Structures are given as structure tokens and as C-alpha cells.
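Residues per chain, in single letters:
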Amino acid sequence: ITAALNNNLKVIYCIGEKLNEIKVRNNVLKKQIFSLPKKIDINNIIIAYEPVWAIGTGKTPSADEIKKIHLKIRNLLAPMIGKLNSLRISILYGGSVNSSNAAEILNLDDVDGALVGGASLKSKEFCKIIDSYK
């Protein structure tokens, strides 16, 4: 991450827990967030919460869980980058995003967009995801 940022590249830093880590999710996310470089430019880094257990499985956390997790990520970032920057940094959700769940996910507080995987390979499905954002 440091090398990428030092060379003016944009970074999408994906974090998330495995299925067997759900009970200790907060600890996993805290460790991942705290592994970021001490100094980051919020204009050049995006955080993506992607629970490993949801990628490509068709399973997603509930909307309430996603909302709480994204808020938790912002709160973990605040001491590192400042409260204002923690509110301004982009935090995406990824993990089995599709046209049937995108509208609910994309319109949650603290969710700034989606990191779409397999559904982005199907143009009609991907367009439906895009159109669901309000």
C-alpha cells in the first residue's frame, strides 16, 4: 500500500473476515485497519468491506449488519486519520452484490458504493445494479 501510494497510485484496500471469524469480526477488522500505513491520503485510498465468506456465495450480511460494520470501520479510522477524514473516506461494500440486493445496500448510511464482482461480467445485471443507486 505504501509503495502504491508513494507512486501516486490509487488503492482499494479490501478487508473482511472468513466464515470461522464472524464471532471475532471486530478484532479481525481492527487488525486489518491498523495495518494501514500511519499516513494515508483519503483521496488515494478506498476501503472495501468484503466478508470473505460472502464473495461469490450469494450470501450477504443483513443490511443492518452491513450498516453497523461500515460505521465500525469509520470509527476505527477516526483516530488514525481524524474524525472529518473518517467521514469523507470512501467505504464500499463487496460480497455477492447483485441487482436484487444492490438498492438496499447502496442506500445504507456509511456505504459509499459497491465493489461488484461476478455480477459485473453480465452487462444487463450490472446495469440493473448501477440503476439501483439513488
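Residues numbered from 1 in each chain as written. Predicted model: local features only at pLDDT ≥ 70, side-chain atom pairs only at ≥ 80, totals over all residues. Heavy atoms only, no water.

1. Points about the nonpolar core
Counting residues in each nonpolar core, the largest one holds 34 residues, and the members touching the most others are Ile-47, Ile-73, Leu-77, Ile-89 and Tyr-93. Listed by contribution, the elements that provide at least two residues to this core are α1 (2-6), β1 (11-15), α2 (25-34), β2 (45-49), α3 (63-81), β3 (91-94) and α5 (102-106). Discounting residues that sit within four places of it in the chain, Ile-89 has contacts with Ile-40, Ile-42, Ile-45, Ile-47, Arg-74, Leu-77, Ile-81 and Asp-112. (Core = buried A, V, L, I, M, F, W, Y, C linked by side-chain atoms within 4.5 Å. Buried < 20%, exposed > 50% of the residue type's maximum accessible area, 1.4 Å probe, protein only. Helix = DSSP H or I, 4+ residues; strand = E, 2+ residues; numbered from the N terminus. Contact = heavy atoms within 4.5 Å.)

2. Things to note about the packing of α2 against α3
As a packed pair, α2 and α3 sit with axes 10 Å apart at the nearest point and diverge in direction by 40 degrees. In terms of axis orientation, α2 runs oblique to α3. Viewed along their axes, α2 and α3 form a crossing whose handedness is right-handed. Together, Arg-25, Asn-26, Leu-29, Lys-30, Ile-33 and Phe-34 of α2 and Glu-65, Ile-69, Lys-72, Ile-73, Leu-76, Leu-77 and Met-80 of α3 make up the contact between the two elements. Its residues assigned to classes, the contact of α2 with α3 shows 8 nonpolar, 1 polar and 4 charged. (Axes fitted to C-alpha atoms, helices over the stretch in contact; angles between N-to-C directions. Parallel < 35°, antiparallel > 145°, perpendicular 65-115°, else oblique. Left-handed = near helix turned anticlockwise from the far one by under 90°. Nonpolar A, V, L, I, M, F, W, Y, C, P; charged D, E, K, R; others polar.)

3. Thoughts on unusual backbone geometry
In this structure, Ser-96 is a non-glycine residue whose phi angle is positive, near 60 degrees. With respect to the helices, strands and loops of the structure, Ser-96 is situated in the loop between β3 and α5. In the Ramachandran plot, Asp-110 falls in the positive-phi region, its phi being about 70 degrees despite a non-glycine side chain. The residue Asp-110 is located in the loop between α5 and β4 (114-115) in this model. Given a relative accessible area of 23%, Asp-110 falls into the partly exposed group.

4. Description of the pairing of β3
Here β3 shows two buried faces, one formed by Ile-91 and Tyr-93 and the other by Leu-92 and Gly-94. The pairing of β3 with β4 spans 2 bridges and is parallel. Bridging across to β4, Tyr-93 finds its partner in Ala-114. (Pairing = 2+ DSSP bridges.)

5. Focus: the sheet that holds β1
Taken together, 4 strands build an open sheet; the order of strands is β1-β2-β3-β4 and the sheet is parallel. What marks the edges here is a single partner per strand, and that holds for β1 and β4. Helix-sheet contacts for α3 involve β1, β2 and β3, and the interaxial angle to β3 is about 145 degrees.

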